[in-house]
Amino acid sequence: MLTRTTIHADGTWRGALSGETREVLDPADGRPFAVVAEGGAADADAAVAAARTAFDSGAWPGTPVAERAALLRRAAGLLVRDREELALLESRDAGKTLEEGRIDVDCVADAFRYFADLAVAEGQGRVVDAGSDTVHSVVVHEPVGVCAMITPWNYPLLQASWKIAPALAAGNTFVLKPSEITPLSTVAMIALLVEAGLPNGVANLVTGPGHTVGARLAEHPDVDLVSFTGGLTSGVKVAQAAAPGVKKVALELGGKNPNVVFADACRTAEGFDTAVDQALNAAFIHSGQVCSAGSRLIVEESVRERFVAELGRRAARIRLGRGTEKGVECGPLVSRAQLERTEEYVASALAEGAVLRNGGRRPEPSATRPAGGYFYEPTVLDRCHRGMRVIREEIFGPVLTVETFRTEEEAVALANDTEYGLAGAVWTADAARARRVAGRLRHGTVWINDFHPYLPQAEWGGFGKSGVGRELGPSGLAEYRETKHVYQNLAPRPVRWFSG
């Protein structure tokens, strides 16, 4: 069993001040495979103190942007070097397939390189024309200060990188709290930043529960910014805790994401095959444990029966198993609690009139699916309607619901009938319709004839209760900066406003 010293403060690795530890479970068999420190509020305080000192008195905030960028690029190189080890940690910790873990590591390295380049490109500030030759006016960017980062269990390495890379590029210090369920790859990432040469106190890590460590970070008076990715209920608590200090807050709180398929997208055999394939991809990648999962299929009535029948047939062939096993396409859910939550949602949908087209149960154990693992069959629920909980609430499991429409107007209304607004997609062969519908969808990312790709140079975030602020892109860097206007009078003289 792996035993890790997982609290990092002021350049030192140690255990929790309380001496407490936590077992990390492998979701493929439900057995512990690692032990980490179980930090608490006192550990959070110590980490914040280290970050505060490093920001107020250390060299990092004043380090030239080119040097900060060079460190990020070195970290990207180390991520590439340790790609297999990190991917294995992601697979064993979060349950995803090894190939998904590899892709995650590649995307993390891309994020580090992107923010390194962006910080250099935007590092000179913006000259403002004051209308006078005797005035020099410039808008410059400075780091926010001490950043508290709270990351989720589904993409521990990736979500941490979306916060760490821009924060460091901007010159901040930080304290990071990963999910207590999946902390291991984040611990490894902090170690790589240390190896890359990051000064002591700049990057600090506290492993432990959200209700103690996360809550303390959100309310701490020496924290200047809180960035949280997770569920809506926890996000509201974070915002409330941060409010008395008037901290900057960035929240990414998930989504209930529509995937709208018009009949004209299915006119050809290739079009039909692609739309079905992408609907499976949208809903079942990482067992549906994706904030942008296309868990709501909204398909035109004229092709519904054919489309859903093929969905059910293909969903039944998805190979479930331990993510490290060759040939496995979908791993387990992350925890027993998540498995039971998924079962409860499916039971409620069936009680409310949904028709089961595939799945709806735990699979039998096999050579690749050990007994005790948190596996659940990819589930397709047909004949769903807006009154169902399974339609309105985020499940974070391998469950795809099917709704139907007859008109474009009805399709848009269904897609927007959610309190969330993270992502959505439209499938159509009509270019004008694609632009119309994309323009009317109230979601932060809209795909046309695709699902799931994102770019580090394009903003990520949502409308409505999907959150506040943006990650990635220029706005993702701006979240970690304060903007200052410096106005210099080159030829000062008396104003004579007052006669005295």
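Residues numbered from 1 in each chain as written. Predicted model: local features only at pLDDT ≥ 70, side-chain atom pairs only at ≥ 80, totals over all residues. Heavy atoms only, no water.

Per an unreviewed UniProt entry, the recorded name for the chain is Aldehyde dehydrogenase family protein, and the organism is Streptomyces roseicoloratus. UniProt, in the comment section headed Sequence similarities (unreviewed entry), describes the chain in these words: "Belongs to the aldehyde dehydrogenase family." In its Pathway (unreviewed entry) section, the UniProt entry covering the chain states "Amine and polyamine biosynthesis; betaine biosynthesis via choline pathway; betaine from betaine aldehyde: step 1/1." (UniProt positions renumbered as here; feature names shortened; annotations may be inferred.)

### Quick look at the overall build of the chain
Helix and strand counts for the chain come out as 15 helices and 21 strands. The C-alpha radius of gyration computed for the chain amounts to 24 Å, which stays within 12% of the reference 23 Å derived for 500 residues, consistent with globular compactness. Along the longest, intermediate and shortest principal axes, the C-alpha atoms of the chain span 85 × 55 × 40 Å. The burial tally for the chain puts 57% of its 500 residues in the buried class. (Helix = DSSP H or I, 4+ residues; strand = E, 2+ residues; numbered from the N terminus. Rg over C-alpha atoms; globule rule 2.2 N^0.38 Å. Buried < 20%, exposed > 50% of the residue type's maximum accessible area, 1.4 Å probe, protein only.)

### With respect to unusual backbone geometry
One non-glycine residue, His-452, adopts positive backbone phi at about 90°. Structurally, His-452 can be placed in the loop between β19 (445-448) and β20 (467-468). At Leu-472, a residue that is not glycine, the phi angle is positive and equals roughly 65°. A relative accessible area of 1% places Leu-472 in the buried class.

### Side note on the sheet that holds strand β6 (residues 126-128)
One open sheet accounts for three strands, arranged β6-β7-β21; its pairing is antiparallel. Edge positions in the open sheet fall to β6 and β21 (481-489), since each of these has one partner strand only. Going from strand to strand, the sheet's axes swing by 25° on average, the running direction of each strand aside. Of the strand pairs in this sheet, β6 and strand β7 (residues 135-143) are connected by three bridges, and their pairing is antiparallel. For Val-128, the partnering residue across the bridge sits in β7 and is Ser-137. (Pairing = 2+ DSSP bridges. Axes fitted to C-alpha atoms, helices over the stretch in contact; angles between N-to-C directions.)

### Thoughts on a nonpolar patch on the surface
Taken together, Val-495, Trp-497 and Phe-498 make up a surface patch of nonpolar side chains, about 490 Å² in accessible area. With respect to the helices, strands and loops of the structure, Trp-497 is situated in the segment after β21. (Patch = residues over 30% accessible without salt bridge, like charges linked within 9 Å, V, L, I, M, F, W, Y side chains within 5 Å. Areas by Shrake-Rupley, 256 points an atom, 1.4 Å probe, with all protein chains shown as cover. Salt bridge = Lys/Arg side-chain N within 4 Å of Asp/Glu carboxyl O.)

### As for the UniProt feature "active site" (unreviewed entry) in the chain
According to UniProt, the "active site" (unreviewed entry) feature falls on Glu-252. Classification of Glu-252 by relative accessible area gives buried; the value is 4%. If we skip the residues at most four places from it in the chain, Glu-252 touches Phe-228, Thr-229, Gly-230, Cys-291, Leu-422, Trp-460, Ser-466 and Glu-471. (Contact = heavy atoms within 4.5 Å.)

### Side note on the sheet that holds strand β14 (residues 296-300)
On the basis of which strands lie adjacent, the open sheet formed by seven strands has the order β15-β16-β17-β14-β13-β18-β19 and mixed pairing. At either margin of the open sheet sits one strand with a lone partner, and together these are β15 (355-358) and β19. Each strand of the sheet is rotated relative to its neighbour by a mean of 20°, with strand direction disregarded. With three bridges joining them, strand β16 (residues 379-382) and strand β17 (residues 399-405) adopt parallel strand pairing. Paired with Thr-379 across the strands is Val-399, a residue of β17. Contacts from helix α9 (residues 269-284) reach β13 (258-261), β16, β17 and β18 (423-427) within the one sheet, and its direction differs from that of β17 by about 130°.

### With respect to the pairing of β16
Going residue by residue along β16, you find Thr-379 and Leu-381 tucked away on one face and Val-380 and Asp-382 tucked away on the opposite face as well. Bridging between β15 and β16 involves three bridges; their strand directions are antiparallel. When the bridges of β16 are listed, Asn-358 appears paired with Val-380.

### Here's the deal with the nonpolar core
Phe-112, Ile-164, Leu-168, Phe-174, Leu-193 and Phe-307 are the most contacted members of the largest nonpolar core, which has 96 residues in total. Of all the elements, helix α4 (residues 98-121) adds the most residues to this core, at 11 residues. Setting aside residues no more than four positions away along its own chain, Leu-168 makes contact with Trp-60, Arg-68, Leu-72, Phe-174, Leu-193, Leu-198 and Val-202. Formed by 24 residues, the second largest nonpolar core is a distinct cluster that contains Ala-148, Ile-150, Ala-218 and Phe-228. (Core = buried A, V, L, I, M, F, W, Y, C linked by side-chain atoms within 4.5 Å.)

### Details of the packing of α4 against helix α5 (residues 156-170)
It is at 9 Å that the axes of α4 and α5 come closest, and there the two elements cross at 15°. Judged on the interaxial angle alone, α5 and α4 are roughly parallel. Here α4 and α5 pass one another in a crossing that is right-handed. For the pair α4 and α5, contact is made by Asp-104, Val-105, Cys-107, Val-108, Ala-111, Phe-112, Phe-115 and Ala-119 and by Leu-157, Leu-158, Ser-161, Trp-162, Ile-164, Ala-165, Pro-166 and Ala-169, respectively. (Parallel < 35°, antiparallel > 145°, perpendicular 65-115°, else oblique. Left-handed = near helix turned anticlockwise from the far one by under 90°.)

### Some remarks on the packing of aromatic side chains
Here the structure, examined in full by the defined rule, presents eight aromatic pairs. For the ring pair Phe-272 and Phe-307, a centre distance of 5.8 Å and an interplane angle of 85° mean the geometry is edge-to-face. Of the two residues, Phe-272 sits in helix α9 while Phe-307 sits in helix α10 (residues 304-315), which places them 35 residues apart along the sequence. For Phe-272, a relative accessible area of 9% puts it in the buried group. Seen in terms of ring centroids, Trp-447 and Phe-451 are 4.6 Å apart; in terms of plane orientation they differ by 40°. Their pairing is tilted. Grouping residues by exposure puts Trp-447 and Phe-451 together as buried. (Phe/Tyr/Trp six-rings, centres within 6.5 Å; stacked < 30°, edge-to-face > 60°.)

### Overview of the pairing of β14
In terms of residue burial, β14 counts as a mostly covered element, since five of its five residues are buried. Alignment of β13 against β14, held across four bridges, turns out to be parallel. Bridging from a neighbouring strand, Pro-258 pairs with Arg-296 of β14. For the crossover from β13 across α9 to β14, the handedness is right-handed. Bridge count between β14 and β17: five bridges; the pairing is parallel. What sits directly across from Ile-298, in β17, is Glu-403. (Right-handed = clockwise from strand over helix to strand, strands pointing away.)

### Comments concerning the side chain of Lys-163
Assignment of secondary structure puts Lys-163 in helix α5. A polar contact of 2.8 Å, which involves the side chain of Lys-163, links it to the side chain of Thr-229. Among the polar contacts made by the side chain of Lys-163, one reaches the side chain of Glu-471 at a distance of 3.0 Å. Dropping the residues within four chain positions of it, Lys-163 is found in contact with Met-149, Ile-150, Thr-151, Ser-227, Phe-228, Thr-229, Glu-471 and Tyr-480. (Polar contact = N/O pair within 3.5 Å; in protein donor to acceptor, adjacent residues only side chain to side chain.)

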